[in-house]
Amino acid sequence: MHPPPRLFALGDAAFTVEFGPPQARDVPPDIQARVLGFAAGLAELQAAGGLPGVIEWVPTFRSVTVHFDPDRCLHRHLADRLQALAAEGRQATDSGRKWTIPVCFDGEFAPDIEAVAVACGLSREAVIAQLTATEFTVRMLGFLPGFPYLSGLPASLEMPRLATPRPRVPAGSVAIAGRMGAIYPWDSPGGWRLVGRSPVTLFDATRADHPALFAPGDRVRWQAVGPEALAAS
Amino acid sequence: MSAGLEIRSPGLGVSIQDDGRHGHRHIGVPLSGALDPVFLAAANGLLGNPAGAAGLEVLLAGPLLQALDAPVRIALAGTMGARHLTVAGAGRAVPAWSTLRLQPGEQLQVGSPCGVGYIAVEGGLLTPPMLGSRSTYARAGLIHVVTTLPCRAPLGFGERQNVALGHEDGPIRVIPGPQDDHFTAAALDHFYTGPFRVTRQRDRMGLRLAGPALAHNQRGADIVSDGVTPGAIQVPADGQPILLLADCQTVGGYPKIATVIRADLPRLAHLQPGDEIRFRAVDADEAAAARAALARRLSDWLAGARPAQAGGDPDTAVLLAANLAGAAVRGDDPHLWPD
């Protein structure tokens, strides 16, 4: 059993409803199920006009942050409503969507894969085999527009982030850190270990109804492809 | 006949901002929008625009703008002067907190603001919105690289001017948490005593403060990332706070000791390296009263605007006054980025 959800003020225009503690090293999947269940409940309530003043909400690994216009709703009433919804304990698991994402693991696109292999006592081929055998789950999007946090990385490939982040990680970089995987939608600084490159566009602002490719609860596999797949994009 | 402004020189730290890109934070898209929405609203208000209409935000040095083949009405807000240049090359000083009309071919050279300044145009800038907002977020391609800024021709209002609109001083008001229970009692005491000095590491994402080290308790300096918002004050392991601003990421992995209330966010936009600030804890009721007081100050100020005198204000002392040469804005500080 889990402790009851807790509600915190994040300033005067947001609440964070927490389903799992901040310190957990690995957030269990049923916490995510409660996060997604709560988010689904919010969507239903809002569609029914039951959340005046609420602008948007952000599901994370273990919590949902609800942003609202404090001049259009009463702080205490909204807090009560969110707590009541959280206490219902709804769960939603899988989005039902599965993705197979092409990834090139060739040397120049995978600058850290050798170091991962050495640190984990595996051959490079064994690392790739484990990465492509893994079914990841999208836990949340954040850090950058469309950036997916993917859970499910085997413990045998667990590595800390780089001590000094790279000033520039190229867009499309496929990366691991801790027990997570990720794909960088944009060039950015970054501290994850780069193990491949994908040609897939993870975020496109012109797709107005779904600019991000992934949503929380999606299942993702990485499929090894040659470098020509990158050139073709 | 097309109305618009040609960008003859882009200035430094200039971006298009409106009231923000709402509704996309769940897919990692920052809120963005004006660092000081009150000053943007003031510039817009002088022109009869909605408060959050898109304008230019100036952080370091203003642009040189030229009207295309229709007149354009412009308003300036901030501690920032400008020079209005006729086609013949004659110039006159234009103070902030007033409107002016650029005739076709005329230019406006905007100076450097002390803090942040805004240039609004009648009807708002009409660049195509992206995901419901015209705000620039260059890190993720939410930007139009343009040489002209479309707008509409003026409807015929007279020019207006007003006194400078200031912000309150005193401690920055915060609501404690959500992770204030990650800090020692001494750290919380230090946080509410201060002072904290603004460092040079600052941009539209956030600014780093230096002050008494804020020690974490046994719960530690890393959390499983959860939602953040502009105003949230993250404290990483080094104990020095990071104050998040409009372009901040949507989630963060450091404990948040407190979060600045909405009414005090605009004040953060004007902090300069070396400035000292303190924090004071308030509750939701006091935050609501502060929002109401701020809204009242803005509406009183707008009601106090009066027709501009012919010839404008010749006071050149307000021109190009602020020298921000030491205040470089960094756009690539990896320390603000948890991943």
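Owing to the predicted nature of the structure, the values given are computational and were not obtained by experimental measurement.

### Describing the side chain of Glu122 of chain B
All names here are of chain B.
Alright, step 1. Examined against the element boundaries, Glu122 turns out to sit in the loop between β10 (114-121) and β11 (148-150).
Alright, step 2. Among the polar contacts made by the side chain of Glu122, one reaches the side chain of Arg152 at a distance of 2.8 Å.
Alright, step 3. Of note is the side chain of Glu122, whose polar atom sits 2.8 Å from the backbone nitrogen of Leu155.

### Some remarks on the nonpolar core
Alright, step 1. Core analysis: the largest hydrophobic core is formed by 76 residues, its most contacted members being Ile74, Leu76 and Phe279 of chain B.
Alright, step 2. Counting residues per element, this core draws most heavily on helix α1 (residues 37-47) of chain B, which supplies eight residues.
Alright, step 3. Both domains that meet at this core, namely domain 1 (2-166) and domain 2 (172-293) of chain B, each give it at least three residues.
Alright, step 4. Beyond its immediate chain neighbours, meaning those up to four positions away, Ile74 of chain B contacts Leu5, Leu47, Ser98, Thr99, Leu100, Leu102, Leu108, Ile119, Ala120 and Val121 of chain B.
Alright, step 5. Counting residues in hydrophobic clusters, the runner-up holds 75 residues, among them Ile128, Met159 and Met180 of chain A together with Met130 of chain B.

### Some points on the sheet that holds β11 of chain B
Residue and element names in this part refer to chain B.
Alright, step 1. The strand order across the open sheet built from six strands is β7-β6-β9-β4-β1-β11, with neighbouring strands paired in antiparallel fashion. The outermost strands of the open sheet, each flanked by one partner alone, are β7 (91-94) and β11. If you compare each strand with its neighbour and ignore which way they point, the axes differ by 25° on average.
Alright, step 2. Pairing analysis gives four bridges linking strand β6 (residues 82-85) to strand β9 (residues 107-110), with the strands arranged antiparallel. Of the residues in β9, the one forming a bridge with His84 is Leu108.

### Let's talk about the domain arrangement of chain B
Residue and element names in this part refer to chain B.
Alright, step 1. Looking at chain B, the domain boundaries give domain 1 (2-166) and domain 2 (172-293).
Alright, step 2. Each of domain 1 and domain 2 has a C-alpha centre, and these two points are 30 Å apart.
Alright, step 3. Contacts between the two partners involve 23 residues from domain 1 and, on the opposite side, 16 residues from domain 2.
Alright, step 4. Inspection of the domain 1/domain 2 interface yields one salt bridge.
Alright, step 5. Counting only elements with at least two residues in the side of domain 1 that touches domain 2, the list comes to β2 (12-17), α1, β3 (55-61) and β10.
Alright, step 6. Split by residue class, the side of domain 1 that touches domain 2 holds twelve nonpolar, seven polar and four charged.

### Observations regarding the sheet that holds strand β4 (residues 63-68) of chain A
Residue and element names in this part refer to chain A.
Alright, step 1. Judged by pairing direction, the sheet is antiparallel, and its four strands sit side by side in the order β1-β2-β4-β3 without closing on themselves. Of all the strands in the sheet, just β1 (6-9) and β3 (54-59) have a single pairing partner and so form its edges. Ignoring which end each strand starts from, the neighbouring axes of this sheet average 20° apart.
Alright, step 2. Packed onto the sheet, helix α1 (residues 29-47) meets β2 (14-18), β3 and β4 and runs at close to 165° relative to β3.
Alright, step 3. Each of β1, β2, β3 and β4 is contacted by helix α2 (residues 75-87), which is oriented at about 20° to β2, the strand it contacts most.

Definitions and cut-offs
Residues numbered from 1 in each chain as written. Chains lettered and ligands numbered in written order. Predicted model: local features only at pLDDT ≥ 70, side-chain atom pairs only at ≥ 80, totals over all residues. Heavy atoms only, no water. Helix = DSSP H or I, 4+ residues; strand = E, 2+ residues; numbered from the N terminus. Polar contact = N/O pair within 3.5 Å; in protein donor to acceptor, adjacent residues only side chain to side chain. Core = buried A, V, L, I, M, F, W, Y, C linked by side-chain atoms within 4.5 Å. Buried < 20%, exposed > 50% of the residue type's maximum accessible area, 1.4 Å probe, protein only. Domains from an automatic or database assignment. Contact = heavy atoms within 4.5 Å. Pairing = 2+ DSSP bridges. Axes fitted to C-alpha atoms, helices over the stretch in contact; angles between N-to-C directions. Salt bridge = Lys/Arg side-chain N within 4 Å of Asp/Glu carboxyl O. Nonpolar A, V, L, I, M, F, W, Y, C, P; charged D, E, K, R; others polar.

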